[in-house]
Structure formats: C-alpha cells, structure tokens
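# Structural description and commentary
What follows is the residue order along each chain.
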Amino acid sequence: MVRFYRERLKETAPASTFTIEGKPVEYGYIRKIERVTLVNKTGDRGSISIYITGHGYKHYVDTTVNLTSKPLMPSEVPYHLRPDEALGFEITGVNTGDEIEVHITAIERLYASFEE
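### Here's the deal with the sheet that holds strand 6 (residues 79–81)
- As summarised here, the arrangement of the four strands in space is 1-8-3-6, forming an open sheet in which the pairing is antiparallel. Because the sheet does not close on itself, it has two edges, and the strands there are strand 1 (2–12) and strand 6. Between one strand and the next, the sheet's axes are offset by a mean angle of 30 degrees, whatever the strand orientation.
- Relative to strand 6, strand 3 (residues 29–40) runs antiparallel, the two being bridged by three bridges. Note that in strand 6 the partner of Ile33 across the bridge is Tyr79.

See below:
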C-alpha cells in the first residue's frame, strides 16, 4: 500500500533560535521524503539545520541553509524515515515574530513493501 504524505509546519518565531518538528512516522510504515521547502515569509534572514529525530537523539542530515522570503529547497537528496522518526528543523538568526513555513512532500509505504 502506497500513500502520499504532505505536511505543512507553520510557526511564528518565539525567539531568534527555536526548533520545529514534524509528525513521526506511524508504526509499520516508512516515509520517503521527496521534497522539503523552507521559507521565512517575513524577510530574508535566518538559517535552518535539518535533522532526523526519534529514538532519543538528533541525526543531522543537511547543512544549514539561508532562509529567504521565497521558497527554498535545501537539497534534492531524499530522506528515509522509519517508524517513530520525524524531520526536525533548528532555526537560528531570525527575528522574534518572523513567520517560518516548512512544507514536506513524501510517500509512505508499508515497511515490508518499501522499494527504492
């Protein structure tokens, strides 16, 4: 079984540094992240580090990118998430009150039927 997954994370910066985390993968599924788009809707400032979270740790998977007021894709490398893992984003260098949006596009498959 294949299902398409889209998630929109929207956060108003509570401080110049903060984190946002997506929803964890359900038990029995694997999520292949095909595209991540980031935007600071308020201005051209800030950086984001992308990590996989779950199982009690953070595993950084992408370099820090500079946020702009136009949508930005940091990498074209797909991420594969297992059950209980999610993408997380460390945001730094923004102003309090900036509007940050993260858009995630993925495909989810049953764990046993996942193909690359």
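Alright, that's what it looks like, and here's the rest.
### Some remarks on the pattern of salt bridges
- If you walk through the whole model with that rule in mind, you get eight salt bridges.
- Put simply, Arg8 and Glu101 hold a salt bridge, and the shortest N to O gap is 3.2 Å. Placement of the pair is Arg8 in strand 1 and Glu101 in strand 8 (residues 99–110), with a sequence separation of 93 residues.
- For Glu101, a relative accessible area of 5% corresponds to the buried category.
- In this structure, the salt-bridge partner of Lys41 is Glu101, at a minimum N-O distance of 3.3 Å. One end of the pair, Lys41, is in the loop between strand 3 and strand 4 (47–54); the other, Glu101, is in strand 8, and 60 residues separate them in sequence.
- The network of salt bridges with shared partners includes Arg3, Glu26, Arg31 and Glu108.

### Remarks on the sheet that holds strand 4
- Spatially, 2-7-4-5 is the arrangement adopted by the four strands of the open sheet, whose pairing is antiparallel. Looking along the sheet, the strands with just one partner apiece sit at the ends: strand 2 (18–21) and strand 5 (57–66). Neighbour-to-neighbour, the strand axes of this sheet turn through a mean angle of 25 degrees, independent of strand direction.
- Bridge analysis of strand 2 against strand 7 (residues 86–92) gives four bridges, and the strand direction is antiparallel. The residue bridging Ile20 from the neighbouring strand is Phe89, located in strand 7.

### Considerations on the nonpolar core
- Judged by nonpolar contacts, the single largest core of 25 residues is most densely connected at Ile33, Val36, Leu38, Ile48, Leu87, Phe89 and Ile91.
- Among the secondary structure elements, those contributing two or more residues to this core are strand 1, strand 2, strand 3, strand 4, strand 6, strand 7 and strand 8.
- If near-sequence neighbours (up to four positions away) are discounted, Ile91 is found in contact with Ser16, Thr17, Phe18, Ile20, Ser47, Ile48, Leu67 and Ile100.

### Overview of the pairing of strand 4
- Counting buried positions along strand 4 gives eight out of eight residues, so the element sits mostly inside the fold.
- Every second residue of strand 4 is oriented toward a common face, with Ser47, Ser49, Tyr51 and Thr53 on one face and Ile48, Ile50, Ile52 and Gly54 on the other, all of them buried.
- In the sheet, strand 4 pairs with strand 5 via seven bridges, with the strands oriented antiparallel. Bridged to Ile50 within strand 5 is Asp62.

### Details of the side chain of Asp62
- Along the chain, Asp62 turns up in strand 5.
- For the buried residue Asp62, which engages in no salt bridge, the nearest side chain bearing the opposite charge is Arg35, 12 Å off.
- Within the structure, the side chain of Asp62 is placed 2.9 Å from the side chain of Tyr79, a separation counted as a polar contact.

Conventions we followed
- Residues numbered from 1 in each chain as written.
- Predicted model: local features only at pLDDT ≥ 70, side-chain atom pairs only at ≥ 80, totals over all residues.
- Heavy atoms only, no water.
- Pairing = 2+ DSSP bridges.
- Helix = DSSP H or I, 4+ residues; strand = E, 2+ residues; numbered from the N terminus.
- Axes fitted to C-alpha atoms, helices over the stretch in contact; angles between N-to-C directions.
- Salt bridge = Lys/Arg side-chain N within 4 Å of Asp/Glu carboxyl O.
- Buried < 20%, exposed > 50% of the residue type's maximum accessible area, 1.4 Å probe, protein only.
- Core = buried A, V, L, I, M, F, W, Y, C linked by side-chain atoms within 4.5 Å.
- Contact = heavy atoms within 4.5 Å.
- Lys, Arg positive; Asp, Glu negative; His and termini not counted.
- Polar contact = N/O pair within 3.5 Å; in protein donor to acceptor, adjacent residues only side chain to side chain.

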